[in-house]
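# Observations on the three-dimensional arrangement
If you want the building blocks of each chain, they are given just below.
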Amino acid sequence: MKKSTVSLAVLSALSTGALAQSSVTLYGIVDAAIAVEDTGEIGKGSRKVLNSGNQSSSRIGLRGGENLGGGLTAEFNIESGLALDTGTADSAFWGRRAVVGLKGGFGSFFLGREYSPIAAVAAASDIFGQGYFGTNLSAFTSGRLSRRLSNSVSYRTPSFGGVYASFVASPSEGVSGASRVLGTAVEYSMGRLYAGAGYHDLERASNGLKDREYAFGVGYGVGAFDFKGNYLVADPAGADNKFEQFNLGVSFGFGSGRLLANLQQNRIEGGAKGTALATTYSHELSKRTNLYASYARLSNNASGSFGISSSGTSVAPGASSPGADPSVLAVGVRHRF
């Protein structure tokens, strides 16, 4: 008995020492809402659905690191998305983020599937935090701006008086349909003041044509108010296909609640235009759980077929129904762990 007690004490001490040097955290978000969606198409009425991921995409992840000494740490993050309404996982299981790298006084260096520099600017300057219907995530749908980059090598500088820069290279690796992406962003963050700009250069693997993407974002907070806005552009090679999105948002916090609103305009160089107005109320039940109600409506011109996006879903008319005006009302709950 005494020998067992001593052995357990030794193992406990060794484990405690190991945990002091490294750590792994399991985390996640579960978010679901009851929604009434209407694409605005003639002959199609509204439908009632249960959506997953309106404020935040539902997810589960692991992150951790090891202290290597001298201010250097090794870090990793793998994150998977899931749909609460069906229980299914994303097609790429760790498709949200899958990186490993080093952090130190030099900044941070990561390898894997990572968020793009433009994605960081767009997220920091979105009043909805890239959640709720009416967020700027609609600018990152297929064929528009690049949000996550596979096979990437990324570097972020330390902050110099609030100013920091990020760089990424993502080769196509000869994969059919994939593009080589080079990107950079410069951002400034100090207190509640933010400003950022990002640029991507894409070369298509299929034909060698070059596309450009860029973003500008700002944010400022004073008292109970926050103001954020951005300008996002995807400019593929060729004529009359440049996509632009403008966002201007404001939020006001009071008690355990926050009221948010965003004005968004989408347009394509050829003439299509769509303007959306979105509003949300969020009520905090605790530090981890909140209730929310979100409404958005988008008005397309005669040639527009733009839609409304939240963090995990979207409502849009079909390409064969230009001029239709989509709308959506969602009431949901989000819990973080």
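Above this text is the structure in question.
Predicted model, so just to flag it, every value in this text is computed and none were measured. (Residues numbered from 1 in each chain as written. Predicted model: local features only at pLDDT ≥ 70, side-chain atom pairs only at ≥ 80, totals over all residues. Heavy atoms only, no water.)

### Examining the side chain of Ser80
Relative to the elements of secondary structure, Ser80 occurs in strand β4 (residues 72-81). We classify Ser80 as buried; its relative accessible area is 2%. Reaching out from Ser80, the side chain makes a polar contact with the backbone oxygen of Phe93 at a distance of 2.5 Å. Setting aside residues no more than four positions away along its own chain, Ser80 makes contact with Ser58, Arg59, Ile60, Phe93, Trp94 and Arg96. (Helix = DSSP H or I, 4+ residues; strand = E, 2+ residues; numbered from the N terminus. Buried < 20%, exposed > 50% of the residue type's maximum accessible area, 1.4 Å probe, protein only. Polar contact = N/O pair within 3.5 Å; in protein donor to acceptor, adjacent residues only side chain to side chain. Contact = heavy atoms within 4.5 Å.)

### Digging into the pairing of strand β13 (residues 243-254)
When strand β12 (residues 225-235) meets β13, the two strands line up antiparallel, connected through 10 bridges. Each bridged residue has a counterpart across the sheet, and for Leu232 the counterpart in β13 is Gln245. In terms of strand pairing, β13 meets strand β14 (residues 257-268) through 12 bridges, oriented antiparallel. Residue Glu244 lies in a different strand from β14, and its bridge partner there is Arg267. (Pairing = 2+ DSSP bridges.)

### Describing helix α2 (residues 117-124)
Buried residues of α2: Pro117, Ile118, Ala119, Val121 and Ala122, and no others. Buried residues along α2 sit against β6 (107-115), β8 (163-170), β9 (179-190), β10 (193-204), β11 (210-222) and β12.

### Here we look at the pairing of strand β1 (residues 22-38)
Where β1 and strand β3 (residues 59-69) come together, eight bridges link them in antiparallel fashion. In the strand pairing of β3, Gly28 is matched with Ile60. For β1 and strand β19 (residues 327-336), the ladder comprises 10 bridges, and the chain directions are antiparallel. Bridging across to β19, Ala33 finds its partner in Gly332.

### What to know about the packing of aromatic side chains
What the rule picks out here adds up to 12 aromatic pairs. Taken together, a centroid distance of 5.5 Å and an interplanar angle of 70 degrees make the contact between Tyr132 and Tyr292 edge-to-face. Placement of the pair is Tyr132 in the loop between α2 and β7 (148-156) and Tyr292 in strand β16 (residues 289-300), with a sequence separation of 160 residues. Residues Tyr132 and Tyr292 agree in their burial class; the two are buried. Judged by centre distance (6.1 Å) and plane angle (10 degrees), the ring pair of Phe225 and Phe227 falls under stacked. The exposure class of Phe227 is partly exposed, given its relative accessible area of 39%. (Phe/Tyr/Trp six-rings, centres within 6.5 Å; stacked < 30°, edge-to-face > 60°.)

### What about the pattern of salt bridges?
Under the defined criterion, the tally for this structure stands at 14 salt bridges. Here Arg204 makes a salt bridge to Asp211, at a shortest N to O gap of 3.0 Å. Judged by its relative accessible area of 12%, Asp211 falls in the buried class. Of the charged contacts in the structure, one is a salt bridge between Asp325 and Arg297, with a shortest N-O distance of 3.9 Å. (Salt bridge = Lys/Arg side-chain N within 4 Å of Asp/Glu carboxyl O.)

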